[in-house]
Amino acid sequence: ARPTLAVVGATGAVGTVMLQILSQHADIWGEIRLVASPRSAGRKLTVRGEEVEVVALDEAAFEGVDVAMFDVPDEVAAEWAPRAAAHGAVVVDNSAAFRMDPQVPLVVPEVNPHAARIRPRGIVAGPNCTTLSMIVAVGALHAEFGLRELVVSSYQAVSGAGRAGVETLRRQLSLVAGTELGTSPGDVRRAVGDRTGPFPEPVALNVVPWAGSLRDEGWSSEEMKVRDESRKILGLPRLKVTATCVRVPVVTTHSLTVHARFEGEVTVDRTREILATAPGVVLFDDPEAGEFPTPADAVGTDPTWVGRVRRALDDPTALDLFVCGDNLRKGAALNTAQIAELVAAELTGA
Ligand code: 2RA
């Protein structure tokens, strides 16, 4: 029989993209059960061209479920993922609740698919969208060159902060559009008002060097996630990683600059070959023609787009790249769907 899938968090920003992806991918599932908070129960959403009524998150929602995808806040996943696993479902969780649990594999199917098979808690985690936006390309280069160090800066879209992030950017843009603002200190802040949440500063006509919450010694949670998750996915527990995470006025698609240092000398020609053939990566890099990826073009697509491929001028073992990835697709829903499809193939012996 075809496996039963539960989509937990079906009404959220990532859940919406998940339903599109499930409707576009090969139809391997039997029942698809849509699960959300009790206040969304009873709503009807479309998946695979059919209307499905959303059921409330409770124990009964997991009866007979083979695979449960979770796209919910960390605290909801922390409580409900183990309960779903206790009902016999394999949980694919996109929250941060279990990513660093040594008993939970952290999986990117293009990089470490084998890890999904060993899941003592019945839970498989997917990484944060910022890590995901670069790790497929970095993983392909690591497989050939051997990674020693990563220095990255992110340019993160507001939808990484959920629907509230998108609403804040749109509201602020409507207040600054057609004005002369952005020419004197504080003029944008006065125009958009104090309600800048979920961001600490105005994001329209601005960049905000902050994402996540404060951790030790001035680092943000987002920056720590990039470091910890990259190490775990690549199986390099002592990899040197430095990240600076920045929010930019883009709706969807995270970008990063990546400075990657390897075990020996690298060449741009071989790097381009690797990136041009790596699954899940598109090389789009023709500086003479002015061609490189931007979030406005990468949004809504599946791959990790890579451009601006250069060898570091002062270090023949290092590369500099610019990458873009849709934070709601590969950065969240698509990676979760890909893991769930791996698990389904394993369960059905396909
Ligand atoms: C963000 N990476 O962009 C976060 C969401 N998980 O805010």
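Residues numbered from 1 in each chain as written. Predicted model: local features only at pLDDT ≥ 70, side-chain atom pairs only at ≥ 80, totals over all residues. Heavy atoms only, no water.

- As annotated in an unreviewed UniProt entry, the protein chain is Aspartate-semialdehyde dehydrogenase from Streptomyces sulfonofaciens.
- UniProt, in its Function (unreviewed entry) section for the protein chain, records the words "Catalyzes the NADPH-dependent formation of L-aspartate-semialdehyde (L-ASA) by the reductive dephosphorylation of L-aspartyl-4-phosphate."
- Regarding the protein chain, the relevant UniProt record gives this comment under Catalytic activity (unreviewed entry): "L-aspartate 4-semialdehyde + phosphate + NADP(+) = 4-phospho-L-aspartate + NADPH + H(+)". (UniProt positions renumbered as here; feature names shortened; annotations may be inferred.)

## Concerning the overall build of the protein chain
Stage number 1. On a plain count of helices and strands, the protein chain comes out with 9 helices and 14 strands.
Stage number 2. In terms of C-alpha radius of gyration, the protein chain reaches 21 Å, essentially the compact-globule figure of 20 Å for 350 residues.
Stage number 3. Projected onto its principal axes, the C-alpha coordinates of the protein chain cover approximately 55 × 50 × 40 Å.
Stage number 4. Burial status across the protein chain gives 51% buried among its 350 residues.
Stage number 5. Taking all contacts inside the protein chain whose residues are at least 6 apart in sequence as the whole, residues at least 24 apart take part in 67%.
Stage number 6. Of the accessible surface of the protein chain, which amounts to about 15,400 Å², a share of 51% is contributed by carbon and sulfur atoms. (Helix = DSSP H or I, 4+ residues; strand = E, 2+ residues; numbered from the N terminus. Rg over C-alpha atoms; globule rule 2.2 N^0.38 Å. Buried < 20%, exposed > 50% of the residue type's maximum accessible area, 1.4 Å probe, protein only. Contact = heavy atoms within 4.5 Å. Areas by Shrake-Rupley, 256 points an atom, 1.4 Å probe, with all protein chains shown as cover.)

## Observations regarding the UniProt feature "binding site: phosphate" (unreviewed entry) in the protein chain
Stage number 1. The positions UniProt marks with the feature "binding site: phosphate" (unreviewed entry) are Arg 99.
Stage number 2. Structurally, Arg 99 can be placed in the loop between β7 (90-93) and β8 (123-125).
Stage number 3. If we skip the residues at most four places from it in the chain, Arg 99 touches Asn 94, Val 104, Leu 106, Ala 125, Gly 126, Pro 127, Asn 128, Lys 225, Glu 229 and Lys 232.
Stage number 4. Polar contacts involving the side chain of Arg 99 include one to the main-chain carbonyl oxygen of Asn 94, which spans 2.9 Å. (Polar contact = N/O pair within 3.5 Å; in protein donor to acceptor, adjacent residues only side chain to side chain.)

## With respect to the sheet that holds strand β14 (residues 318-325)
Stage number 1. If you walk across this open sheet you meet the 6 strands as β10-β9-β11-β14-β13-β12, and the pairing is mixed. Strands at the two margins of the open sheet, each flanked by one partner only, are β10 (240-247) and β12 (281-283). On average, each strand axis in the sheet is inclined to that of its neighbour by 20 degrees, with strand direction left out of account.
Stage number 2. Two strands pair when backbone bridges link them, and strand β9 (residues 147-156) and strand β11 (residues 254-262) are joined in this way by 8 bridges, in the antiparallel orientation. Residue pairing for β11: Tyr 155 is matched across the bridge by Ser 255.
Stage number 3. On top of the sheet, helix α6 (residues 221-234) reaches β9 and β10; it is set at about 135 degrees to β10, its chief contact. (Pairing = 2+ DSSP bridges. Axes fitted to C-alpha atoms, helices over the stretch in contact; angles between N-to-C directions.)

## Remarks on the pattern of salt bridges
Stage number 1. Counted under the stated rule, the structure contains 16 salt bridges.
Stage number 2. We note a salt bridge from Arg 329 to Asp 302, for which the minimum N-O separation is 2.8 Å. With Arg 329 in helix α9 (residues 329-348) and Asp 302 in the loop between α8 (295-298) and β13 (304-311), this residue pair connects regions lying 27 residues apart in the sequence.
Stage number 3. By relative accessible area, which is 8% here, Arg 329 ends up buried.
Stage number 4. Take Asp 302: its relative accessible area is 32%, and that puts it in the partly exposed class. (Salt bridge = Lys/Arg side-chain N within 4 Å of Asp/Glu carboxyl O.)

## A word on the pairing of β14
Stage number 1. Burial of β14 is extensive: 8 of the 8 residues sit out of reach of the surface.
Stage number 2. Side chains Ala 318, Asp 320, Phe 322 and Cys 324 of β14 all project onto a buried face; the interleaved residues Leu 319, Leu 321, Val 323 and Gly 325 project onto the opposite face, where all are buried too.
Stage number 3. Pairing geometry for β13 and β14, over 5 bridges, is antiparallel. Bridging from a neighbouring strand, Trp 305 pairs with Cys 324 of β14.

## Quick look at the UniProt feature "active site" (unreviewed entry) in the protein chain
Stage number 1. Here, UniProt's "active site" (unreviewed entry) annotation points to Cys 129 and His 254. Taken together, the annotated residues stretch across 126 residues yet fold into one region, lying no more than 7.9 Å apart by C-alpha.
Stage number 2. Relative to the assigned elements, Cys 129 resides in helix α3 (residues 129-145).
Stage number 3. With near-sequence residues (within four places) excluded, Cys 129 lies in contact with His 254, Asn 327 and Gly 331.
Stage number 4. Residue placement: His 254 occurs in strand β11.
Stage number 5. You can call His 254 buried: its relative accessible area is 0%.
Stage number 6. Discounting chain neighbours no more than four positions away, the residues touching His 254 are Cys 129, Thr 130, Ser 133, Tyr 155, Gln 156, Ala 157, Gly 160, Arg 247, Val 323, Cys 324, Gly 325 and Asn 327.
Stage number 7. Side-chain polar atoms of His 254 contact the backbone nitrogen of Ala 157, separated by 2.9 Å.

## Topic: the side chain of Ser 154
Stage number 1. Tracing the backbone shows Ser 154 in strand β9.
Stage number 2. Of note is the side chain of Ser 154, whose polar atom sits 2.8 Å from the side chain of Gln 156.

## A few points about the site of the ligand
Stage number 1. Around the ligand, a shell composed of Asn 128, Cys 129, Thr 130, Gln 156, Gly 160, Ala 161, Glu 222, Arg 247 and His 254 is seen.
Stage number 2. The contact in question runs from a nitrogen atom of the ligand to an N or O atom on the side chain of Asn 128, over 2.8 Å.
Stage number 3. At a separation of 3.1 Å, an oxygen atom of the ligand approaches a polar side-chain atom of His 254.
Stage number 4. When isolated, the ligand has an accessible area of 240 Å², and the protein chains bury 78% of it. (Near = heavy atom within 4 Å.)

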